[in-house]
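Breakdown of the fold
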Amino acid sequence: EEVALAELLVKLHPWANMVRYARGGGEAMTVAARIARAHSGKDKIAFCGYHGWQDWYLAANLASDKNLDGHLLSGLEPRGVPRGLIGTVLPFHYNNISELEKIAANNKDIGAIIVETVRDHEPKDDFLKKVRRIADRINAVLIFDEVTVGWRLAVGGSHLKYGVNPDIAVFAKAMGNGFPIAAIIGKRSVMDDAQKTFISSTFWTERIGSVAALATIKKLRAKNVPAHLAKIGQRIGQGWEKLALRHGLKISVAGPFCLVAFAFDYGAESQAIRTLFTQEMLRRGYLASSSVYVSLAHTAKLVDDYLKAVDQVFGIIKKAIDENKVREYLEGPVAHAGFKRLT
C-alpha cells in the first residue's frame, strides 16, 4: 500500500518523484525541514504560516515572542527550545513579498523557504510565483505546507490550482480522513538528500494510514469533493454575512470556502462574544466555533438548519452587545484564544 500510495501521489503531482511518510503534520514538516537543510547545506529558514510545535519552528519566538503572531497562533512561549536556535527561522507575512525579499537580502544562508500555500486569504499579485523565483535565485528549497488545505481546495494540493510547484510538499489531515497519515513528496534531486541524514520511526511503516489515504483519495476524485466543499462553504459564509447584516453585527468572513471562518469585530470584547456564540449554539445542539471545516457529509439542508440556529444566536448576541452585558450572558469564563492555556 505504501508503494501504491506513492505512485498515486506522484501521478497527481507530476513535478514530484519521491515520497516519504510520517503520521502527523507537525512531524512531517520537521522531516521536510531536515531534508531541505541537508540538501542546501544552509541552516536558516524563512517562513510564513503555521507549521507545528517542534523546535525548528517555535525557535522563531526566541528572538521575539511576537514573531509567530499573525501566523495563526499568537503568544506562543518558546520555553524548552534551545536558545542556540535563535535567529535560525525568520518570519514573513503572507502576500508580503517585500518582507521575504528583505530577509533574502540580509541573510545569505537561507536554506529553505516554507509557505502555508493558502489559509485565510488567496495569493495576490502572483505571490506564490514570486516566492518560487526568490527560492530559485538564492538556491533555497521551496516547501509548500499543504497539511491543512491540501485535498480540500483541489484533489492533491492547493498549489495545483495556483500553478506553482514547490521542491517539497507536505500533506496530512484530510488525506487520511481522520486516520494518521502524512506524506512528504518532492523532487528526486532534493529528496535523495534524506539519505545523507537520519529520519526514521517504527510507526511510519504501519499499513492503516496508507490504506486510509488510498480509499480517501479514491473517493475525493470520484465525488469531486473539492467542488462540494466550495459550494457548501460559500453557502455558510454568505449565510453568516446575511444574518450579521440583519442583526446589525460587525463580522468579517475569510478563508477559502472549504475552510470558511468568521470573526467578530469588537476589539478586546470579540473573544467574549465568540464564547457567547459557542455557548448559545451548544444550547441548540451545535458544537460550533467561528469556523467550519467543510465535509462531504455537509448538505444544503444541514447548513440551512444550522443557519436557523445562528439567526437566533446572532439575535441574542446583538441584544447582549446593545445592553453592554456580554459577559453577564456567559455561564462560564471567556474561552482561551487559539492554543493559549491558563498557565
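Here the structure is a predicted model, which is why all the values come from computation and not from measurement.

1. Some words on the nonpolar core
One finds I113 and F277 to be the most contacted residues of the largest nonpolar core, which totals 80 residues. The biggest single contributor to this core is helix α12 (residues 300–322), with 10 residues. Contacts of I113, omitting those with residues within four sequence positions, involve A46, F92, L100, V131, I134, A135, I138, A140, V141, L142 and I143. The next biggest cluster of nonpolar side chains, apart from the first, holds 34 residues, and it includes A36, F47, W56 and A172.

2. Let's talk about the sheet that holds strand β7 (residues 182–186)
Sheet strands line up and pair through hydrogen bonds in the backbone, either parallel or antiparallel. A sheet is described by the order of its strands in space; here 7 strands give the open sequence β1-β7-β6-β5-β4-β2-β3, paired in mixed fashion. Either end of the sheet is taken by a strand with one partner, and the two such strands are β1 (18–22) and β3 (89–91). Sheet twist, expressed as the average angle between the axes of neighbouring strands with direction ignored, equals 20°. As paired elements, strand β4 (residues 110–116) and strand β5 (residues 141–145) share 5 bridges and run parallel to each other. Paired with E116 across the strands is D145, a residue of β5. Here helix α1 (residues 2–12) sits on the sheet and contacts β1 and β7; the angle it forms with β1, its principal contact strand, is near 125°.

3. Observations regarding unusual backbone geometry
Positive phi, normally seen in glycine, also occurs at N95, with a value near 70°. Note on placement: N95 falls in the loop between β3 and α5 (97–106). Relative accessible area serves as the criterion here: at 25%, N95 is assigned to the partly exposed category. Of note in the backbone geometry, W151 takes a positive phi value of approximately 80° without being a glycine. Relative to the assigned elements, W151 resides in the loop between β5 and α7 (158–162). What makes W151 buried here is its relative accessible area of 1%.

4. Let's talk about the pairing of β5
When you tally the buried positions in β5, you get 5 out of 5 residues, the bulk of the element. Side chains of β5 alternate between two faces, with V141, I143 and D145 and L142 and F144 buried alike. Since β4 and β5 lie parallel, the crossover through helix α6 (residues 127–138) that links them has a hand, and here it is right-handed. The pairing of β5 with strand β6 (residues 168–171) spans 3 bridges and is classified as parallel. Residue D145 lies in a different strand from β6, and its bridge partner there is V170.

5. What about the environment of K44?
Here K44 lies in strand β2 (residues 44–48). Setting aside chain neighbours within four positions, we find K44 in contact with G87, T88, L90, N107, D109, I110, G111 and A112. A polar contact is formed between the side chain of K44 and the side chain of N107, at a distance of 2.8 Å.

6. Quick word on the packing of helix α10 (residues 225–247) against α12
Here α10 crosses α12 at 25°, and the two axes come no closer than 10 Å. One element, α10, and the other, α12, form an angle in the roughly parallel class. Every pair of crossing elements has a handedness; the one defined by α10 and α12 is right-handed. Side by side, α10 and α12 meet where I232, R235, I236, G239, W240, L243, A244, R246 and H247 of the first sit next to A300, V303, D304, Y306, L307, V310, D311, F314, G315 and K318 of the second.

What counts, and at which threshold
Residues numbered from 1 in each chain as written. Predicted model: local features only at pLDDT ≥ 70, side-chain atom pairs only at ≥ 80, totals over all residues. Heavy atoms only, no water. Core = buried A, V, L, I, M, F, W, Y, C linked by side-chain atoms within 4.5 Å. Buried < 20%, exposed > 50% of the residue type's maximum accessible area, 1.4 Å probe, protein only. Helix = DSSP H or I, 4+ residues; strand = E, 2+ residues; numbered from the N terminus. Contact = heavy atoms within 4.5 Å. Pairing = 2+ DSSP bridges. Axes fitted to C-alpha atoms, helices over the stretch in contact; angles between N-to-C directions. Right-handed = clockwise from strand over helix to strand, strands pointing away. Polar contact = N/O pair within 3.5 Å; in protein donor to acceptor, adjacent residues only side chain to side chain. Parallel < 35°, antiparallel > 145°, perpendicular 65-115°, else oblique. Left-handed = near helix turned anticlockwise from the far one by under 90°.

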